[in-house]
Amino acid sequence: MAVKVIIPTPLRAYAGKQESVEVQAATVGEALSGLTSKFGDLKKHLFTEEGKLRSFVNVYVNDEDIRYLQKDQTQVREGDTISIVPSIAGGISAK
Amino acid sequence: MATKTGVPTAAPAKAASLSNEEVLRYSRHLIMPEVGMEGQLKLKQAKVLCIGAGGLGAPLGLYLAAAGVGRIGLVDFDAVDFTNLQRQVLFGTSDVGQPKISAAADRLRNLNPEIQIDTFETHLTSENALDILKDYDIVVDGTDNFPTRYLVNDACVLLGKPNVYGSIFRFEGQITIFGYPDGPCYRCLYPEPPPPGLVPSCAEGGVLGVLPGIVGTIQACETLKLIIGKGQPLIGRLLLFDALAMKFRELKLRKNPECPVCGEHRTITKLIDYAEFCGVRGEEAPTTVTNIPEITPRELKTRLDRGDDLFILDVREPHEYQICNLNGHLIPLGELSRRVHELDSSREIVAHCRSGKRSAEAVDFLRKAGFRKIWNLKGGILAWSDDVDPKVPKY
Ligand SMILES: [Zn+2]
């Protein structure tokens, strides 16, 4: 299944500056490993050394958080959009 | 300590009615049924605390004051600097060097003398947060760092106050409302912050000047809606805005039953040490890597002047190179791992970036890759400008 993964601004530098990447996958886990095998530098930003999704990165299939679906086992269908949404702190930024 | 200055503590005059001047001032609200006299009186009686008087705080403060929110608290400790003026529209060039809080309060009082502005020229801390927040109905978070984000969240959950959240990066914004009893909080969304250094800050990443204007204005809109009780608030919905694509997207946010601060088995029942929680050591946490060999700008200048064969590696982005450079070989940090072959480990290498943070990561990475004759330029190109060549612009 071809699914679109939307790369958030802070991580685009590690994904060939692309806004989104299309990958073939049947689950969210497969989509993310497809993505990190294409862009090795992304891996440490998305996963801990034990391979767990980092706690400041959330992943959505369409508008649902995968933590409330089947996590990385969540099935994806043709045309689904996966969003990676990291926490960003920015606001006033003086320095 | 929180210092409270400004308008005396007298209660807002006759909250239950509007003067003729106020009726005229707010007439465009009064003639629409969604606000009307009832909504305008709610606005007059409302008390909103804005944390941060910067990029987000500027439009927020302006619109809340203009709309007639009766009492607005501002918390900020910074002074206005030149780099703020690109987006922090509360301030003018003549305010540079002044405390933001006093410049902001002056501006808002000039905009609307009918309302009360409370100023807190302080950092929000675990010691003062509950005391500062407790008098307000709604808290609006426009801060720029993770420790304060978690502090504001936890304080709002503990006090049961709504937290209108907005954050920005480059051309992307996130907006939602946390802190409602049935709705999620920031920790439900992100239980833990990123380790320092893994996600670039605004100061490194930059921000499109108008972006905080848009995001702060959305925060103002949500705040006004909460006060007048109209419309569908952004509770349980994360609004993502991409200014380049000019697209808004919306994601569902759920309350996490295992949330450490608002879940059923909560473990956080009072404010904690947020600097420690976020892994920030002290005021500045320049780098996550330690034991990096360094060279100062003056030492580098001396060695270059005597003709030493040094290879200068610039790990910034190409657009930064265009602002100023030291004639270095450019490999952005994000590309370093796959462009390592461009470097000769037998030569002496000095890596630099803007402030020394990214290049410290680069040096750490290259040392692990076997490079031995490599140094980080201490303080980056900013320090080079200060100590060696003031003609190099700082940005
Ligand atoms: Zn929570």
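Predicted, not measured: the structure shown is a model, and the values here were computed from it.

So, the overall build of chain A
Phase 1 of the analysis: Counting its secondary structure elements, chain A contains three helices and five strands.
Phase 2 of the analysis: From first element to last, N terminus to C terminus, chain A shows the α and β order β-α-β-α-α-β-β-β.
Phase 3 of the analysis: Taken over the C-alpha trace, chain A has a radius of gyration of 13 Å; the compact-globule value for 95 residues is 12 Å, and the two agree within 12%.
Phase 4 of the analysis: Overall size of chain A, expressed as C-alpha extent along the three principal axes, is 45 × 30 × 25 Å.
Phase 5 of the analysis: Out of the 95 residues belonging to chain A, those deemed buried represent 57%.
Phase 6 of the analysis: In chain A, 49% of the contacts between residues at least 6 apart in sequence involve partners at least 24 apart.
Phase 7 of the analysis: Per element, the accessible surface of chain A, about 4,200 Å² overall, is 48% carbon and sulfur.
Phase 8 of the analysis: Within chain A, one finds 12 positive and 12 negative side-chain charges whose respective centroids are separated by 7 Å.

What to know about the coordination of the zinc ion
Residue and element names in this part refer to chain B.
Phase 1 of the analysis: Looking at the zinc ion, the protein donor atoms are Cys185 (SG), Cys188 (SG), Cys259 (SG) and Cys262 (SG), and they sit 2.3 Å from it.
Phase 2 of the analysis: Around the zinc ion, the four donor atoms sit at angles spanning 94 to 119°, and that spread fits a shape best called tetrahedral.
Phase 3 of the analysis: When the donor residues of the zinc ion are listed from N- to C-terminus, their spacing reads C-x2-C-x70-C-x2-C. Of the two residues, Cys185 sits in the loop between strand 7 (172-178) and helix 8 (186-189) while Cys259 sits in the loop between strand 9 (247-252) and helix 11 (274-277), which places them 74 residues apart along the sequence. In terms of burial, Cys185 and Cys259 fall into one category: buried.

Things to note about helix 15 (residues 380-387) of chain B
Residue and element names in this part refer to chain B.
Phase 1 of the analysis: Most of helix 15 sits inside the fold, with six of its eight residues counted as buried.
Phase 2 of the analysis: Every buried residue of helix 15 is listed here: Gly380, Ile381, Leu382, Ala383, Trp384 and Ser385.
Phase 3 of the analysis: Buried residues in helix 15 make contact with helix 12 (297-305), strand 13 (348-352) and strand 14 (374-377).

Here we look at the confidence of the model for chain A
Phase 1 of the analysis: For chain A, mean pLDDT is 90; residues scoring 70 or higher make up 95% of the total.
Phase 2 of the analysis: No element of chain A has a lower mean pLDDT than helix 1 (residues 9-12) of chain A, which averages 88, and none a higher one than strand 4 (residues 64-65) of chain A, which averages 97.

Observations regarding a nonpolar patch on the surface
Residues and elements named next belong to chain B.
Phase 1 of the analysis: Side chains of Leu130, Leu158 and Leu159 sit close together on the surface and give an oily, nonpolar patch of about 200 Å² of accessible area.
Phase 2 of the analysis: Mapped onto the elements, Leu130 comes out in helix 6 (residues 129-133).
Phase 3 of the analysis: What makes Leu130 partly exposed here is its relative accessible area of 33%.

Details of the pattern of salt bridges
All names here are of chain B.
Phase 1 of the analysis: Using the criterion set out here, one finds 31 salt bridges over all chains in the structure.
Phase 2 of the analysis: The residue Asp141 makes a salt bridge to Arg149 at a minimum N-O spacing of 3.1 Å. The exposure classification of Asp141 matches that of Arg149, with both residues buried.
Phase 3 of the analysis: The partner of Glu348 in a salt bridge is Arg303, with the nearest N and O atoms 2.6 Å apart. Of this pair, Glu348 sits in strand 13 while Arg303 is found in helix 12, placing the two residues 45 residues apart along the sequence.
Phase 4 of the analysis: Glu348 gets classed as partly exposed once you look at its relative accessible area, which sits at 21%.
Phase 5 of the analysis: By relative accessible area, Arg303 is classed as buried at 19%.

What to know about empty space enclosed by the protein
Phase 1 of the analysis: For the structure on display, the rule yields three cavities of 30 Å³ or more.
Phase 2 of the analysis: Put simply, the second largest cavity is a space of about 40 Å³.
Phase 3 of the analysis: Residue lining of the second largest cavity: Tyr60(A), Asp65(A), Arg67(A), Tyr68(A), Phe178(B), Pro184(B), Cys185(B), Cys188(B), Leu189(B), Lys252(B), Leu253(B) and Arg254(B), and that is the complete set.
Phase 4 of the analysis: Here the residues of the lining of the second largest cavity sort into eight nonpolar, no polar and four charged.

Regarding the domain arrangement of chain B
Phase 1 of the analysis: Structurally, chain B comprises domain 1 (20-277) and domain 2 (294-387).
Phase 2 of the analysis: Computed over C-alpha atoms only, the centres of domain 1 of chain B and domain 2 of chain B are separated by 39 Å.

What counts as what
Residues numbered from 1 in each chain as written. Chains lettered and ligands numbered in written order. Predicted model: local features only at pLDDT ≥ 70, side-chain atom pairs only at ≥ 80, totals over all residues. Heavy atoms only, no water. Helix = DSSP H or I, 4+ residues; strand = E, 2+ residues; numbered from the N terminus. Rg over C-alpha atoms; globule rule 2.2 N^0.38 Å. Buried < 20%, exposed > 50% of the residue type's maximum accessible area, 1.4 Å probe, protein only. Contact = heavy atoms within 4.5 Å. Areas by Shrake-Rupley, 256 points an atom, 1.4 Å probe, with all protein chains shown as cover. Lys, Arg positive; Asp, Glu negative; His and termini not counted. Charge placed at Lys NZ, Arg CZ, Asp CG, Glu CD. Donors = N, O, S within 2.8 Å, 3.2 Å for Na, K, Ca; no water. Tetrahedral: all angles 85-135°; square planar, octahedral: opposite > 155°, others 65-115°. pLDDT = per-residue confidence, 0-100. Patch = residues over 30% accessible without salt bridge, like charges linked within 9 Å, V, L, I, M, F, W, Y side chains within 5 Å. Salt bridge = Lys/Arg side-chain N within 4 Å of Asp/Glu carboxyl O. 1 Å grid on protein atoms, 1.4 Å probe; cavity = no way out; pocket = protein on both sides within 12 Å on 5 of 7 lines; lining within 4 Å. Points joined across faces, edges and corners; volume = space filled by probe spheres on them. Nonpolar A, V, L, I, M, F, W, Y, C, P; charged D, E, K, R; others polar. Domains from an automatic or database assignment.

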